[in-house]
Amino acid sequence: MAETPEPEVDETPEDEMKRKFREALERKRGQQAGSGGGGRGADHSKIHGTHGPAAGKRSFRRKSGG
């Protein structure tokens, strides 16, 4: 695994938070790279088959009544 840098003694809370977010982002990107993420190539979409073929021929009826 990648080495994590030792936290500095004079690190401010803001710097510590930024470092933690950066580390979490690197872990997330590593997981996506391992699973072939990016949504390119094969269908990686969460929604499948939104527009399938229409079932049968459409028939239009004239509105009756009034």
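Here's what I pulled together on the structure shown here.

Criteria and thresholds
Each chain carries its own residue numbering, running from 1 in the direction its sequence is written. Local features are withheld for residues below a pLDDT of 70 in this predicted model, meaning they are given only at 70 or higher, and side-chain atom pairs are given and counted only at 80 or more; totals for whole chains, interfaces and linings count all residues. Only hydrogens and water are set aside; all other atoms, that is, all heavy atoms of the structure, feed into the side-chain values. A run of H or I in DSSP counts as a helix once it spans at least four residues, and a run of E counts as a strand once it spans at least two, with each numbered from the N terminus. The cut-offs for exposure are 20% and 50% of the maximum accessible area for each residue type, with area from a 1.4 Å probe on protein chains only; residues under the lower value are buried, those over the upper are exposed, and the others partly exposed. Each accessible area is a Shrake-Rupley estimate made with a 1.4 Å probe; only the visible protein chains count as cover when residues are assessed. Here, a salt bridge means any Lys or Arg side-chain nitrogen found within 4 Å of an Asp or Glu carboxyl oxygen.

## Some remarks on the overall build of the protein
Line of reasoning, step 1. Scanning the protein from terminus to terminus reveals 1 helix and 0 strands.
Line of reasoning, step 2. Looking at the 66 residues of the protein, the share that counts as buried comes to 3%.
Line of reasoning, step 3. For the protein, the exposed surface amounts to about 7,200 Å²; the carbon and sulfur share of it is 52%.

## So, the pattern of salt bridges
Line of reasoning, step 1. Applying the stated rule across the entire model yields 3 salt bridges.
Line of reasoning, step 2. One salt bridge connects Arg19 with Glu11, and the closest N-O pair in it is separated by 3.4 Å.
Line of reasoning, step 3. Across the pair Glu16 and Lys20 runs a salt bridge, and its minimum N-O distance is 3.3 Å. A residue pair is termed a helical-turn pair when its members lie 3 or 4 positions apart in one helix, as Glu16 and Lys20 do in helix H1 (residues 13-34) at 4 residues.
Line of reasoning, step 4. Within the structure, one salt-bridge network assembled from shared partners comprises Glu11, Arg19 and Glu23.

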